[in-house]
Amino acid sequence: MNLDLNEEQKLIKDTARDFATAELEPVAAGLDQGRDEEIFLTNLKKLAELGFMGLNVQDQYGGSEAGVVAFSVAMTEIARACASTAVTVSVNNMVSEVIQALGSEEQKMKYIPKICNGDYQAAAFALTEPGAGSDPAGMTTTAVRDGEDWILNGSKIFITSASYAGVFVVWAVTDPQAEKGKGISTFLIERGTPGLLIGKKEEKMGQHASTTNEVLLQDCRVPGDALMGNLNSGFRVAVGELAGGRIGIGSLALGVGRAAMDYATRYSLERSQFGQKISEFQAIQWKIADMYTRLEASRLLLMNASYKKEQGRSFTKEASMAKVFATESANMACYEAMQILGGYGYTRDFPIERYARDARITTIYEGTSEIQRLIIAREILRSFSAQ
Ligand SMILES: Cc1cc2nc3c(=O)[nH]c(=O)nc-3n(C[C@H](O)[C@H](O)[C@H](O)COP(=O)(O)OP(=O)(O)OC[C@H]3O[C@@H](n4cnc5c(N)ncnc54)[C@H](O)[C@@H]3O)c2cc1C
């Protein structure tokens, strides 16, 4: 058993870290305060050129073919510097992968290279609706046949990158009479298609540079070949892709948690109270030990889920365990890091309050912690009843 990264994975990790340190870290605080949007998009393009938008996508579609472990470590390195950039990269990878898994050869050749090379700036995964969040099978957006075309109506909410995405993967009900979850199909819609409108921009607590918008579908007419995969089999696909996406979000959370932990650890070695460094107080040492242990356990859970996915093995339970543990540990690390910095940690002069705000959403999007526990328990109970 070997838990070390191989040479290619190490190279990707180092490339991500070097880029994050040189290009992302210096602008992250400005991006958080609404400045430098152009730099954000420029950095996405540079990351595409470095091969980070299709890490688990085949070379023939413009991907890097580096695998899931490489994707996970790259996400962590990017998120250490800028969580907004990391979530955008994670969703782009997710969309590239869903098209690779489901698309026709023509769809793969048409869309994936433009995500991987940055021509599209970003790609959007449009599943959630105002009345269908944790329960996406309850969606009400419809796609109705009209000759060869499809006409979509409905609204999606909280869609990452929608304001600049070049392509949208959209789920809609194609058979309203079918049993719940069995009448949903997947569509690929390009930006600028009449009837696909970008609605309200959410004002969020964190991850400010990553935009989150409503997407409205108003008599949005798309050709027959916009349908991706089999008719009425879209829900299963969405659920499968979300499992992979959870590795991305867990890895992102790990990066933010580490950034907070490293900052607080260095601070504790410099700050003195009662005539000694605060790192010499046992109460502070315990916080450092707990943060480190939980984040290291998160890393190992993420590596396990990534490895299983890479091997083509079942990884649903592993991805959910990694997501719930890594995201909750990252939140804990940010909270404890703030405690180590005392009052300074609560101010904007230090990055900890930004890390804490950026980490908070990770236990919510791509499936809340409650939903992850539901999935984990379901998988365990199923394995027991099969015995
Ligand atoms: C910044 C941001 C970016 C996002 N990006 C995207 C995106 O790109 N694409 C996309 O499709 N969606 C996106 N989302 C949506 C996100 O995935 C949903 O917000 C999330 O899945 C939760 O859905 P909800 O907000 O409707 O909460 P609800 O489903 O209403 O849940 C509310 C509470 O009830 C709990 N709950 C619900 N059902 C159960 C249950 N069965 N058992 C126990 N507890 C339960 C939840 O855990 C939660 O605590 C994004 C959201 C945000 C905030």
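Our structure is the block above this text.
Here's a quick rundown of the structure.

## With respect to helix H8 (residues 316–341)
Its 26 residues place the ends of H8 37 Å apart at the C-alpha level, agreeing with the 38 Å of an ideal helix rising 1.5 Å per residue. Where H8 ends, the next residue or the one after it, Gly342, has phi of about 60 degrees, a positive value.

## A short note on the site of the ligand
Among the 18 residues in the neighbourhood of the ligand, the closest are listed as Phe125, Thr128, Ser134, Phe158 and Thr368. Here an oxygen atom of the ligand and a side-chain polar atom of Ser134 are 2.6 Å apart. Contacts to the ligand include Phe158, whose backbone N or O atom sits 2.8 Å from a nitrogen atom. Within the complex, the protein chains bury 64% of what would otherwise be the 980 Å² of accessible surface of the ligand. Of all the secondary structure elements, the ones that give two or more residues to the shell around the ligand are strand E3 (149–160) and helix H10 (369–385). Here the shell around the ligand is composed, by residue class, of nine nonpolar, six polar and three charged.

## Some words on the environment of Ala253
Within the secondary structure, Ala253 sits in helix H6 (residues 234–270). Along the backbone, Ala253 and Tyr164 are 89 residues apart, and their C-alpha atoms lie at a distance of 24 Å. Non-local contacts of Ala253, meaning those with residues more than four positions away in its chain, are made with Ala326, Thr327, Ala330 and Thr362.

## Considering the nonpolar core
Counting 96 residues, the largest nonpolar core has Ile99 and Leu252 as its most contacted members. Looking at this core, the element that brings in the most residues is H6, giving 15 residues. Leaving out residues up to four positions away in the same chain, Leu252 has contacts with Met75, Ala79, Ala83, Ala86, Val87, Gln207, Thr362 and Tyr365.

## A closer look at the side chain of Ser90
As for its placement among the helices and strands, Ser90 is situated in helix H4 (residues 83–102). Of the residues examined, Ser90 reaches a relative accessible area of 1% and is grouped as buried. In this view, Ser90 contacts Phe71, Met75, Gly245, Gly248 and Ile249; residues no more than four positions away in its chain are not counted.

## Topic: the pattern of salt bridges
In total, this model carries 22 salt bridges according to the counting rule given. Linking Glu179 and Lys182 is a salt bridge whose minimum nitrogen-to-oxygen distance equals 3.7 Å. By relative accessible area, which is 57% here, Glu179 ends up exposed. Look at the salt bridges and you will find they share partners, linking Asp32, Arg348, Glu353 and Arg357 into a network.

## Looking at a nonpolar patch on the surface
There is a patch of nonpolar side chains on the surface, built from Met1, Leu3 and Leu300 and spanning about 400 Å² of accessible area. Inspection of the secondary structure assignment puts Leu3 in the segment before helix H1 (7–32). A relative accessible area of 56% places Leu3 in the exposed class.

## Let's talk about the packing of H4 against H6
As a packed pair, H4 and H6 sit with axes 10 Å apart at the nearest point and diverge in direction by 155 degrees. Put simply, H4 runs roughly antiparallel to H6. The handedness of the crossing between H4 and H6 comes out as right-handed. Of the residues in H6, those in contact with Ala83, Ala86, Val87, Ser90, Met94, Glu97, Val98, Ala101 and Leu102 of H4 are Val237, Glu241, Leu242, Gly245, Gly248, Ile249, Leu252 and Val256. Considering only residue class, the contact of H4 with H6 consists of twelve nonpolar, three polar and two charged.

## Examining the packing of aromatic side chains
Taken as a whole and assessed by the stated rule, the structure comprises seven aromatic pairs. Ring geometry for Tyr263 against Phe350: centres 6.3 Å apart, planes inclined by 85 degrees, an arrangement best described as edge-to-face. Of this pair, Tyr263 sits in helix H6 while Phe350 sits in the loop between H8 and helix H9 (352–360), placing them 87 residues apart in sequence. According to the relative accessible area criterion, Tyr263 is partly exposed, its value standing at 25%.

Reading the values: rules and limits
- Residues numbered from 1 in each chain as written.
- Predicted model: local features only at pLDDT ≥ 70, side-chain atom pairs only at ≥ 80, totals over all residues.
- Heavy atoms only, no water.
- Helix = DSSP H or I, 4+ residues; strand = E, 2+ residues; numbered from the N terminus.
- Expected span 1.5 Å × (residues − 1).
- Near = heavy atom within 4 Å.
- Polar contact = N/O pair within 3.5 Å; in protein donor to acceptor, adjacent residues only side chain to side chain.
- Areas by Shrake-Rupley, 256 points an atom, 1.4 Å probe, with all protein chains shown as cover.
- Nonpolar A, V, L, I, M, F, W, Y, C, P; charged D, E, K, R; others polar.
- Contact = heavy atoms within 4.5 Å.
- Core = buried A, V, L, I, M, F, W, Y, C linked by side-chain atoms within 4.5 Å.
- Buried < 20%, exposed > 50% of the residue type's maximum accessible area, 1.4 Å probe, protein only.
- Salt bridge = Lys/Arg side-chain N within 4 Å of Asp/Glu carboxyl O.
- Patch = residues over 30% accessible without salt bridge, like charges linked within 9 Å, V, L, I, M, F, W, Y side chains within 5 Å.
- Axes fitted to C-alpha atoms, helices over the stretch in contact; angles between N-to-C directions.
- Parallel < 35°, antiparallel > 145°, perpendicular 65-115°, else oblique.
- Left-handed = near helix turned anticlockwise from the far one by under 90°.
- Phe/Tyr/Trp six-rings, centres within 6.5 Å; stacked < 30°, edge-to-face > 60°.

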